[in-house]
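# Close look at the chain arrangement
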Amino acid sequence: MLFLAILLASPTLKAADIYVSLKGSDRNSGSQSAPVATLANALRKARELRRLNDPSIKNGIIIILEKGSYQLDEPVVVRPEDSGTAASPTIITHENGEKVVLSGGIPLSGWKKAANNLVGLPNVAKGKVWVVDVPELGNRYLEFRQLWINEKKAIRARDWNDGRMDRILSWDFKTRTCKIPFSATKDGTSIERLKGAEMVIQQWWAIANLRIKSVKVSGNEAELSFMEPESRVQSEHPWPAPWLSTKTGNSPFYLTNSIGFLDAPGEWFEDLKNGKLYYWPESAENMNSVKAVVPYLETLLKIEGSPELPVAHVHFKGISFQHTSWLRPSHFGHVPHQAGMYMLDAYKLKIPGTPDKKALENQAWVGRPAAAVAVSYAQHTGFESCRFEHLASTGLDYTRGTRNNKINGNLFKDIGGTGILVGVFSDEATEVHLPYNPKDQEEICSNERITNNLITNVTNEDWGCVGIGAGYVRGIHIANNEISDVAYSGISMGWGWTRSINAMRNNTITANKIHHYGKYLYDVAGIYTLSAQPGSVISDNYIDSIYKAPYPHDPEHWFYLYTDEGSSYFSVRNNWTPAQKYLQNNNGPGNDWQHNGPAVADSVKRKAGLEAPYIELLNASDVNVSKQAINSVESGNGNEIAIEVILPGLAQLSKAQLIEICREKGVSTSAIFHWNNRLLVYAAINDAAPLMKQIGTRIKGSEVKLYTDVVYKFERKKHCGQTPVREWENVVLSTSLVADEALQKEYLDYHATQFEKWPEVAKGFCNADFQQLRILKNGRQLMLVISIPKGADLDQLNPKTTLNNPRVEEWNNLMKKYQEGIAGTKPGEVWVFFSQHNAQN
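Quick caveat, the model's predicted, so the values are computed rather than measured.

### Quick look at helix H9 (residues 741-752)
Helix length check: H9 (12 residues) gives 16 Å between terminal C-alpha atoms against 16 Å at 1.5 Å per residue, within 8%. Of the residues making up H9, those classed as buried are Gln744, Tyr747 and His751. Burial along H9 is one-sided: seen end-on, the buried residues are contained in an arc of 60°. H9 presents Ala742, Lys745 and Ala752 as exposed residues on the side facing more than 90 degrees away from its buried surface. Where H9 begins, the side chain of Asp740 points an oxygen toward the backbone nitrogen of Ala742, at a separation of 2.8 Å.

### Concerning helix H13 (residues 806-815)
The periodicity of an α-helix, 3.6 residues per turn, causes residues three or four positions apart to be oriented the same way. Along H13, the residues classified as buried are Val808, Trp811 and Met815. One side of H13 carries all its buried residues, which in axial view fall inside an arc of 55°. Buried-residue contacts for H13 involve H9, helix H10 (754-757), helix H11 (759-767) and strand E65 (819-820).

### Observations regarding the packing of H9 against H13
Two elements in contact, H9 and H13, have axes whose closest approach is 11 Å; the angle formed by their N-to-C orientations is 155°. The angle between H9 and H13 places the two elements in the roughly antiparallel class. For the crossing formed where H9 meets H13, the hand is left-handed. Mapping the contact onto sequence places Tyr747, Tyr750 and His751 in H9 and Trp811, Leu814 and Met815 in H13. Looking at the contact of H9 with H13 residue by residue, the classes come out as five nonpolar, one polar and no charged.

### Remarks on the packing of aromatic side chains
Summed over all chains, the structure comprises 33 aromatic pairs. Here Phe316 and Phe383 contribute two aromatic rings whose centre-to-centre distance is 5.3 Å and whose plane-to-plane angle is 10°, an arrangement assigned as stacked. Of this pair, Phe316 sits in strand E27 (residues 314-317) while Phe383 sits in strand E34 (residues 382-384); the two residues are 67 residues apart in sequence, bridging distant segments of the chain. Neither residue differs from the other here; Phe316 and Phe383 are each classed as buried. With centroids separated by 6.1 Å and ring planes inclined at 90°, the aromatic side chains of Tyr750 and Trp811 adopt a geometry described as edge-to-face.

### Focus on the sheet that holds strand E29 (residues 336-338)
A sheet is described by the order of its strands in space; here three strands give the open sequence E29-E30-E31, paired in antiparallel fashion. The open sheet has two edge strands with one neighbour each: E29 and strand E31 (362-367). Here the average twist between neighbouring strands, direction ignored, is 55°. Bridge count between E29 and strand E30 (residues 341-348): two bridges; the pairing is antiparallel. Each bridged residue has a counterpart across the sheet, and for Pro336 the counterpart in E30 is Tyr342.

### Observations regarding the environment of Ser289
Looking at the secondary structure, you find Ser289 in the loop between strand E23 (276-279) and strand E24 (292-295). What makes Ser289 exposed here is its relative accessible area of 54%. Each C-alpha atom, one on Ser289 and one on Gly110, is 9.6 Å from the other, the two residues being 179 residues apart in sequence.

### Description of the state of the cysteines
The final tally for this structure, using the stated rule, is one disulfide. Cysteine Cys386 is unpaired, with the sulfur of Cys445 as its nearest cysteine sulfur at 19 Å. Note on Cys386: relative accessible area 1%, which makes it buried.

### Section: the nonpolar core
In this structure, Ile63, Phe316, Phe321, Phe383 and Phe388 are the most contacted members of the largest nonpolar core, which totals 86 residues. Looking at this core, the element that brings in the most residues is helix H2 (residues 39-51), giving four residues. When residues no more than four places from it in sequence are discounted, the contact partners of Phe388 are Phe321, Val373, Phe383, Gly395, Leu396, Asn410, Leu411, Phe412, Lys413 and Ile415. Ranked by size, the runner-up nonpolar core spans 55 residues in total, among them Ala208, Phe253, Trp497 and Tyr528.

### Side note on the sheet that holds strand E14 (residues 155-156)
A sheet is described by the order of its strands in space; here five strands give the open sequence E8-E9-E23-E22-E14, paired in mixed fashion. The open sheet has two edge strands with one neighbour each: strand E8 (112-113) and E14. Two strands pair when backbone bridges link them, and strand E9 (residues 130-133) and E23 are joined in this way by four bridges, in the antiparallel orientation. In the strand pairing of E23, Val131 is matched with Tyr278.

### As for the pattern of salt bridges
Using the criterion set out here, one finds 31 salt bridges in the structure. Between Asp345 and Arg232 there is a salt bridge whose closest N-O contact spans 2.8 Å. One end of the pair, Asp345, is in strand E30; the other, Arg232, is in helix H3 (residues 230-236), and 113 residues separate them in sequence. The exposure class assigned to Asp345 is partly exposed, which follows from its relative accessible area of 27%. Measuring nitrogen to oxygen at the nearest pair gives 3.4 Å for the salt bridge that ties Asp769 to Arg716. Taken together, the residues Asp769 in the loop between H11 and strand E63 (772-778) and Arg716 in helix H8 (residues 716-720) connect sequence positions 53 residues apart.

### Examining the confidence of the model for the protein chain
Residues with a pLDDT of 70 or more make up 95% of the protein chain, whose mean pLDDT is 93. Under a pLDDT of 50 for its full length, residues 9-13 has, in the predicted model, three contacts with residues more than four places off or in other chains.

### Here we look at the environment of Ser251
Among the secondary structure elements, Ser251 is positioned in the loop between H3 and strand E21 (252-256). Sequence-wise, Ser251 and Trp171 are 80 residues apart; in three dimensions their C-alpha atoms are separated by 9.7 Å. In terms of polar contacts, Ser251 uses its side chain to reach the backbone carbonyl oxygen of Gln202, at 2.8 Å.

### Thoughts on the environment of Tyr750
When you line up the elements, Tyr750 lands in helix H9. Tyr750 sits in the partly exposed class, given a relative accessible area of 26%. Along the primary structure Tyr750 and Pro435 are separated by 315 residues, whereas in three dimensions their C-alpha atoms are 58 Å apart. With sequence-adjacent residues up to four places away left out, Tyr750 is seen in contact with Trp758, Trp811, Leu814, Met815 and Tyr818.

### Observations concerning the pairing of E63
When you tally the buried positions in E63, you get six out of seven residues, the bulk of the element. Where strand E61 (residues 709-715) meets E63, six bridges bridge the pair, whose relative direction is antiparallel. When the sheet's bridge partners are listed, Tyr712 is paired in E63 with Ile775. Note: E63 against strand E64 (residues 781-789), seven bridges, orientation antiparallel. Looking across to E64, one finds that Ile775 is bridged to Leu784.

The rules behind the values
- Residues numbered from 1 in each chain as written.
- Predicted model: local features only at pLDDT ≥ 70, side-chain atom pairs only at ≥ 80, totals over all residues.
- Heavy atoms only, no water.
- Helix = DSSP H or I, 4+ residues; strand = E, 2+ residues; numbered from the N terminus.
- Expected span 1.5 Å × (residues − 1).
- Buried < 20%, exposed > 50% of the residue type's maximum accessible area, 1.4 Å probe, protein only.
- Arc of directions from axis to C-beta.
- Polar contact = N/O pair within 3.5 Å; in protein donor to acceptor, adjacent residues only side chain to side chain.
- Contact = heavy atoms within 4.5 Å.
- Axes fitted to C-alpha atoms, helices over the stretch in contact; angles between N-to-C directions.
- Parallel < 35°, antiparallel > 145°, perpendicular 65-115°, else oblique.
- Left-handed = near helix turned anticlockwise from the far one by under 90°.
- Nonpolar A, V, L, I, M, F, W, Y, C, P; charged D, E, K, R; others polar.
- Phe/Tyr/Trp six-rings, centres within 6.5 Å; stacked < 30°, edge-to-face > 60°.
- Pairing = 2+ DSSP bridges.
- Disulfide = S-S within 2.5 Å.
- Core = buried A, V, L, I, M, F, W, Y, C linked by side-chain atoms within 4.5 Å.
- Salt bridge = Lys/Arg side-chain N within 4 Å of Asp/Glu carboxyl O.
- pLDDT = per-residue confidence, 0-100.

Structure (structure tokens):
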């Protein structure tokens, strides 16, 4: 990119200039005084200069667009014949930093107040709704799913407002029907308004858009059936399926696309049959001067090469791509498998298993969403300082056969789907669980660099999409991006759910800042991976602030780092997260986890995210505009467990084995403690069973005990009224209750009522700056974990618990009769300290 900057700035490296202006004509020469009118024509002129080997192109071709919004009638296509060379690139850029927009939208004008007798319009909306004619395309009206008012996406009218949803009552997979509360329609006399409506249902890590075919009402319930093909796919695929749970509630949903739902400011409805658009304006909007745009094109720009003739050395700089449509949900429904890839066919296997996965129970074939900018078979292309905004589906997509391309310093904002996609996920003809490793290695997207991009408020329609999504990629470098306000995961890398060696290897995710994610969906992480990727590294990222999703299928199933099925041969190191809340689900071999969590140096946080030249992008950031709550996790998430390993010999002899097991399972080795012949792991572990199984199998002769029974919990925020510090460290002690069961009960009763009957004890903990104190129990043995500020000394803090507080001494003396030393203690020794593993890890 440095060469491009020199080329643009230096008078000695003169390139051929072609000018484009809204005031130009495609009959003009393309000079500054006689510009052409369209980018497509400018590319044609550049193509002819290259075909004729004109001397003026020796140092490249610069296509300069004058300021303004260029409304496209069809996608701009860049072909192999448009390719430049390293010495003579083609650059498409803006003039003097002015705003240049390539728009796939159509402006609307001529708004009028709608009639009050409009059939189906709720009474609350009468007199407040405006109407405009929908653009005509030949003998039909333009269909769309988005409307932007003054560059803000308006809300397609829905039955529940302000982000609220209802919950399904049941799902009948045989009849392919769903029952919902009849109150969800709000008006029992208006079932007609559900004709043509859609259901948007949340299910695990995805949503589905289902076109309603019929409605049957019985009492306070309505039974919905749906159009094909989505009806079949939705009811036959097992993952992700509608969520049915008495514990956390059934799958939430809302209904949309009916004039009967137009009942709040900011909502709109398109009457496609009669060619009318209805909108209830916000209080500050003047409909006589409002800027309203609806999308027409699904794709604005295609860079299309071939395996034999890739497009090369074409660069876009400072261009805005805006206003795209995506109509598949309106025509075929939309049932995604994961990361926005929609299912074409899917079902559960009657007899599980495939050659690659013996226990596999489902099959799926997927398609890929449309993108505003789509690139295939291209090398040494790039997008720098561009803006991808107001887009219905994917922003920028490098689909197949691309390598050595750069996506640097761009803004991705207000996008319905994924911000950036790279790499093959699955061909439509290939089942998603089959490893991809093509004979022609040129098909693999390789050595792409995605750096210093701000990705904010994307995935705002298809909630199961991600900030950056990478499929089968090789040598990708994702660094120094900032990702915020996404409905699901920040970065997702990998596909296939397989441990088998495939096309992926040598991938890097480093120094990214990911925050305010998981806005709606869980089974989520800041960084998420799938499948074997030898030589791949996840390091030095800063991940924080996951939203409290309003309707999660499992409120605790969220993570900062998540290596999912088949993830193998990863090095995961030096990532800063507020807690060690990670998940390794059915991973393969060769993973190495080292030094992750709140103990990582603050310098990692400072260096992550946008580098200094790109900080101004943050002026466009959308972070938690709705003031949604954030999951409160400081240095621990309150769900830590303890695993004790009792050995026949000294602990040091097996400590190295435990360190290795913890690294493989994503548990920081700073969570390891030891005393005498005992080792202890104290960490937030979602599923302890795999870790305990590995310990029992590999550390011969060991006894493995799990501590999950929390019999006492002191929390600084709750009991002191003070916010805990961001980073703390744990001190672990152990003792045993005496054998007398009556005394054991007394001990537990005292602790259950301590805050009410002995409040001075908690006051002493507050005075000593304790952040958290927990007692975990297994049988008679207790584990006491005292959390103190990072760098503090317990020997200096503990005396403060009794300072001017004699009741604490009284409490301590009272407790002595209930406690005795664990096996291996010296005579008279009651509490023993477990030493923390403090090697660089």
